[in-house]
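Here's the letter readout for the chains.
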Amino acid sequence: MTDVTDGVLHTLFRSEQGGHEQVVLCQDRASGLKAVIAIHSTALGPALGGTRFYPYASEEDAVADALNLSRGMSYKNAMAGLEHGGGKAVIIGDPELIKTEELLLAYGRFVASLGGRYVTACDVGTYVADMDIIARENRWTTGRSPENGGAGDSSVLTAYGVFQGMRASAQHAWGDPTLRGRKVGVAGVGKVGHYLVEHLLEDGAEVVITDVREESVRRITDKFPQVTVVADTDALIRTEGLDVYAPCALGGALNDDTVPVLTAKVVCGAANNQLAHPGVEKDIADRGILYAPDYVVNAGGVIQVADELHGFDFDRCKAKAAKIFDTTLAIFARAKEDGIPPAAAADRIAEQRMAEARRG
């Protein structure tokens, strides 16, 4: 047995990060497809989570990412109040080089073979147009275009949910659910971030932004010249007088280097997997910084794609996403009651819901 296989099996069967119900390795030589579908839990219902298309350094890295992401989706869906468990799929390879219609159709057939245990959607490297193709072979596909019975881009409700989480954070931190007069730093103003900036400006916040893509910055400043731009994330997190830091780009934003120099009193953003490693949440709390768990506040997107299965209704989805405000406040209250960081409190609440569903 190779070290790679042993590492995967250890994670799957023996580690605390395991506990997955099913992991499927998929290969279609004709199209070049190599994929991993990980189903963490179906306690609350069919597993729901996106398909990531990424050039992983190794197959082991791809499996590890699928396991980690699917587990995270179980917690996200539980906290969003959805009747879905957690799942995630990854397609191995550079989408710019190997993504074809044939490959996506082959992938759709593999998802369909699970008979509805896993419902897929968009993620890094996959888009609405891709979901339309996959849906031709797999009816358990969400994130499709409106022309094909879907809801289209989920960024609008993702940003709206993050804004609700930020309002709840303001309520907890300062006693008022508004960002009016607060200085908010947004790292990453792409699909989700630019909508978040609009919400913040409408609420009366002072906004500071950064993004590695010049065109994303320009789109903001052309429309909102009052927004301040800084060179990079390192400059943003050190900005004097910053009240809220919103990581909306890559994961791992909260780590051993960034947490000690954060000037903000609240962290609430759209990026997934913001905590670089276990223990960071305690470091944040020890500095007196309030952290709104990422998978709670960025759940607007998954709320939207889940609704597609019932005939998409934007107003119904927006009402569900608005409840992120109450959910975030409940997490802060549980954290205070149990004497633990909010991230740990969110995990406890999610685990309790899944455990109750299994017993039921």
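For the structure itself, look to the data block above.
Residues numbered from 1 in each chain as written. Predicted model: local features only at pLDDT ≥ 70, side-chain atom pairs only at ≥ 80, totals over all residues. Heavy atoms only, no water.

Counted under the stated rule, the structure contains 19 salt bridges. Note that lysine 88 is salt-bridged to aspartate 123, the shortest N-O span being 2.9 Å. Of this pair, lysine 88 sits in strand 5 (residues 85-92) while aspartate 123 sits in the loop between strand 6 (118-119) and helix 5 (128-134), and the two are 35 residues apart along the sequence. The burial state of lysine 88 is the same as that of aspartate 123; both residues are buried. (Salt bridge = Lys/Arg side-chain N within 4 Å of Asp/Glu carboxyl O. Helix = DSSP H or I, 4+ residues; strand = E, 2+ residues; numbered from the N terminus. Buried < 20%, exposed > 50% of the residue type's maximum accessible area, 1.4 Å probe, protein only.)

Despite not being glycine, asparagine 273 has its phi angle at roughly 50°, a positive value. Structurally, asparagine 273 is set in the loop between strand 11 (266-267) and helix 10 (280-286). For asparagine 273, a relative accessible area of 37% corresponds to the partly exposed category.

Take the environment of glycine 81 next. Tracing the backbone shows glycine 81 in the loop between helix 2 (59-79) and strand 5. For the pair glycine 81 and glycine 116, spaced 35 residues apart in the sequence, the C-alpha separation amounts to 20 Å.

So, on to the packing of aromatic side chains. Enumeration according to the criterion identifies two aromatic pairs in this entry. Pairing tyrosine 54 with tyrosine 56 gives two aromatic rings, centres 5.1 Å apart and planes at 65°, and the pair type is edge-to-face. Residue tyrosine 56 is classed as buried on the basis of its relative accessible area, which comes to 13%. Pairing tyrosine 75 with tyrosine 295 gives two aromatic rings, centres 6.1 Å apart and planes at 70°, and the pair type is edge-to-face. Note that tyrosine 75 is positioned in helix 2 and tyrosine 295 in helix 11 (residues 294-297), a separation of 220 residues in sequence. Judged on exposure class, the residue tyrosine 75 and its partner tyrosine 295 are both buried. Directly above the aromatic system of tryptophan 174 lies the positively charged group of arginine 182, at a separation of 4.0 Å from the ring centroid. (Phe/Tyr/Trp six-rings, centres within 6.5 Å; stacked < 30°, edge-to-face > 60°. Lys NZ or Arg CZ within 6 Å of the ring centre and 35° of its normal.)

Moving on, we come to the side chain of arginine 144. Looking at the secondary structure, you find arginine 144 in the loop between helix 5 and helix 6 (155-174). A residue is classified by how much of its surface remains accessible, and arginine 144, at 16% relative accessible area, is buried. Within the structure, arginine 144 has its side chain in polar contact with the backbone oxygen of threonine 141 (distance 3.0 Å). One polar contact links arginine 144 to glutamate 308, side chain to side chain, over a distance of 3.4 Å. The contact partners of arginine 144, leaving out residues within four places of it in the chain, are Val128, Met131, Asp132, Ala135, Gly149, Gly150, Ala151, Gly152 and Glu308. (Polar contact = N/O pair within 3.5 Å; in protein donor to acceptor, adjacent residues only side chain to side chain. Contact = heavy atoms within 4.5 Å.)

Time to look at the packing of helix 6 against helix 14 (residues 324-338). Put simply, helix 6 and helix 14 touch, their axes get as near as 8 Å, and they point 40° apart. Classified by the interaxial angle, the pair formed by helix 6 and helix 14 is oblique. The element helix 6 and its partner helix 14 pack so that their crossing is right-handed. Contact residues: Gly161, Gln164, Gly165, Arg167, Ala168, Ser169, Gln171 and His172 in helix 6; Ile324, Phe325, Thr328, Leu329 and Phe332 in helix 14. Tallied by class, the residues present in the contact of helix 6 with helix 14 amount to five nonpolar, seven polar and one charged. (Axes fitted to C-alpha atoms, helices over the stretch in contact; angles between N-to-C directions. Parallel < 35°, antiparallel > 145°, perpendicular 65-115°, else oblique. Left-handed = near helix turned anticlockwise from the far one by under 90°. Nonpolar A, V, L, I, M, F, W, Y, C, P; charged D, E, K, R; others polar.)

What follows deals with the packing of helix 12 (residues 300-308) against helix 13 (residues 314-322). Between helix 12 and helix 13, whose axes approach to 9 Å, the crossing angle comes to 145°. Considering the relative orientation of helix 12 and helix 13, their crossing is right-handed. Taken together, the residues of helix 13 that come into contact with helix 12 (itself represented by Ile303, Gln304 and Asp307) are Arg316, Cys317, Lys320 and Ala321.

If a strand is regular, its side chains alternate between the two faces of the sheet. Burial analysis of strand 5 places eight of its eight residues in the buried class, which makes it a mostly covered element. Burial along strand 5 is two-sided: the face carrying Gly85, Gly87, Ala89 and Ile91 and the face carrying Gly86, Lys88, Val90 and Ile92 are both buried. The sheet contact formed by strand 2 (residues 33-41) and strand 5 spans six bridges and is antiparallel. Paired with serine 41 across the strands is glycine 86, a residue of strand 5. With four bridges connecting them, strand 4 (residues 51-54) and strand 5 associate as parallel partners. Bridge assignment links phenylalanine 53 to a residue of strand 5, and that residue is isoleucine 91. Note on the crossover from strand 4 through helix 2 to strand 5: the handedness is right-handed. (Pairing = 2+ DSSP bridges. Right-handed = clockwise from strand over helix to strand, strands pointing away.)

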